[in-house]
Amino acid sequence: MGRVVRAAETAPTTYASEIRTSELRVRAGRRTAVNGLDLSLGIGVHGVLGPNGAGKTTLIRCLATVLRPSGGSVELLGRKPGGSDLRMLRREIGYLPQQFGYYPRFTVREFVEYMAWLKEMPKAEIPGAVQRAIDRANLTSRADDKLKTLSGGMVRRAGIAQALVNNPRILLLDEPTVGLDPAQRMQFRELLRSLSTDTCVVVSTHLVEDVANACTDVVLMNEGGLVFQGTPETLAAAGSESDAGDSPAERGYSALLGRAS
Ligand SMILES: Nc1ncnc2c1ncn2[C@@H]1O[C@H](COP(=O)(O)OP(=O)(O)OP(=O)(O)O)[C@@H](O)[C@H]1O
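Residues numbered from 1 in each chain as written. Predicted model: local features only at pLDDT ≥ 70, side-chain atom pairs only at ≥ 80, totals over all residues.

Participant: Any chance you could break down the site of the ligand for me, citing the residues and the numbers?
Facilitator: Near the ligand the following residues occur: Ala-28, Gly-29, Arg-31, Ala-33, Gly-50, Asn-52, Gly-53, Ala-54, Gly-55, Lys-56, Thr-57 and Thr-58. Taken together, the elements giving at least two residues each to the shell around the ligand come down to β2 (31–41) and α2 (56–63). With three residues, the top contributor of residues to the shell around the ligand is α2. (Near = placed C-beta within 6 Å. Helix = DSSP H or I, 4+ residues; strand = E, 2+ residues; numbered from the N terminus.)

Listed below in structure tokens is the structure:
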């Protein structure tokens with residue numbers, strides 16, 4: 001008889017926080033765009049909000065291991081990114097940049113397959129994983145069309161598909177809903193909800209309503225720092241009728257930013 005395998009050995013590794021930053025500083029050009037940020041993000045959907053220039057993109061690029069911290073520290077899945085471990089870590093991360101390059105003659109399927117290959121997925125798993133990612137991004141009917149024939153919103157969805165293809169433990173999405181029509185935004189919210197139980201998703205957006213409706217946690221940034229972290233309900237409760245905005249969440253956003261400045 002073989003050795004008894006304890007449940008703890010087969011269960012996926014869990015962390016107190018998939019992402020942890022401490023006094024994190026990150027430069028963008030000459031600016032320190034993230035300046036002393038302490039964050040702890042676990043499984044769930046974390047909506048990062050903040051005005052233009054708050055440091056959202058810079059933070060996400062650092063979490064994607066594209067930019068190195070200039071001070072403080074970042075830990076992803078319990079590890080400090082760097083050295084020989086970096087490739088292993090990147091296999092566990094999905095990333096949709098604000099702007100991404102692609103070869104326009106690739107079909108959606110070829111593009112997502114190529115990204116799966118770059119992420120060093122086992123060859124036999126790629127076709128199934130690519131189809132699943134394309135389905136989840138609602139591009140099934142356009143899977144074999146060339147990227148140059150797609151609308152901007154569809155290209156964005158191809159970007160979402162490539163970010164999902166390796167079933168990442170950490171999924172970083174920088175303004176994923178730009179260019180999506182209202183029906184697609186609703187479907188995207190569904191996708192976020194389906195990811196919220198087993199993935200640490202970080203999604204930056206200007207759409208406070210997307211955060212209020214599809215995120216489990218709100219991270220509000222201003223001038224490179226953290227202004228607020230809490231549930232969408234707490235964000236909404238922070239506002240009053242006198243604050244700017246068309247909804248309780250927008251009024252909460254305005255109130256918290258107003259108090260911070
Ligand atoms: N490559 C760069 N060179 C110089 N400054 C930069 C660069 N990238 C960003 N910055 C500056 O860093 C700050 C933070 O920018 P970042 O793009 O992270 O903000 P953001 O919150 O994502 O803004 P937005 O909502 O406009 O996308 C801004 O003041 C910006 O001008």
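Still more ground to cover, so stick around.
Participant: Quick rundown of the nonpolar core? Include the residues and the values.
Facilitator: Among soluble globular proteins, nonpolar side chains are generally buried collectively. By size, the foremost hydrophobic cluster in this structure holds 69 residues, and its most contacted members are Leu-63, Val-112, Ala-133, Ala-161, Val-165, Leu-172 and Val-201. For this core, the element with the most residues is helix α6 (residues 152–164), which contributes six residues. Residues within four places of Val-112 in sequence aside, it is in contact with Val-130, Ala-133, Ile-134, Ala-161, Gln-162 and Val-165. (Core = buried A, V, L, I, M, F, W, Y, C linked by C-beta atoms within 7 Å. Buried ≥ 20, exposed ≤ 12 C-beta atoms within 10 Å, placed from the backbone. Contact = placed C-beta atoms within 7 Å.)

Participant: Any chance you could break down the pairing of strand β8 (residues 217–222) for me, citing the residues and the numbers?
Facilitator: Of all six residues that make up β8, five are buried, and the element is covered over most of its length. Here strand β3 (residues 44–49) pairs with β8 via four bridges, running parallel. Within β8, the position partnered with Gly-47 by the bridge is Val-218. One ladder, built from five bridges, connects β8 with strand β9 (residues 225–230); its direction is antiparallel. Residue pairing for β9: Val-219 is matched across the bridge by Gln-229. Hairpin connection of β8 to β9: two residues between the antiparallel strands, including Glu-223 at a positive phi of 50 degrees. (Pairing = 2+ DSSP bridges.)

Participant: Would you mind going over the sheet that holds strand β6 (residues 170–174) in detail, with residue names and values included?
Facilitator: Spatial ordering of the open sheet is given by β5-β6-β7-β3-β8-β9, a layout of six strands whose pairing is mixed. Two strands lie at the open edges of the sheet, namely β5 (93–96) and β9, each paired on one side alone. Looking at each pair of strands side by side, their axes are set apart by 15 degrees on average, direction ignored. (Axes fitted to C-alpha atoms, helices over the stretch in contact; angles between N-to-C directions.)

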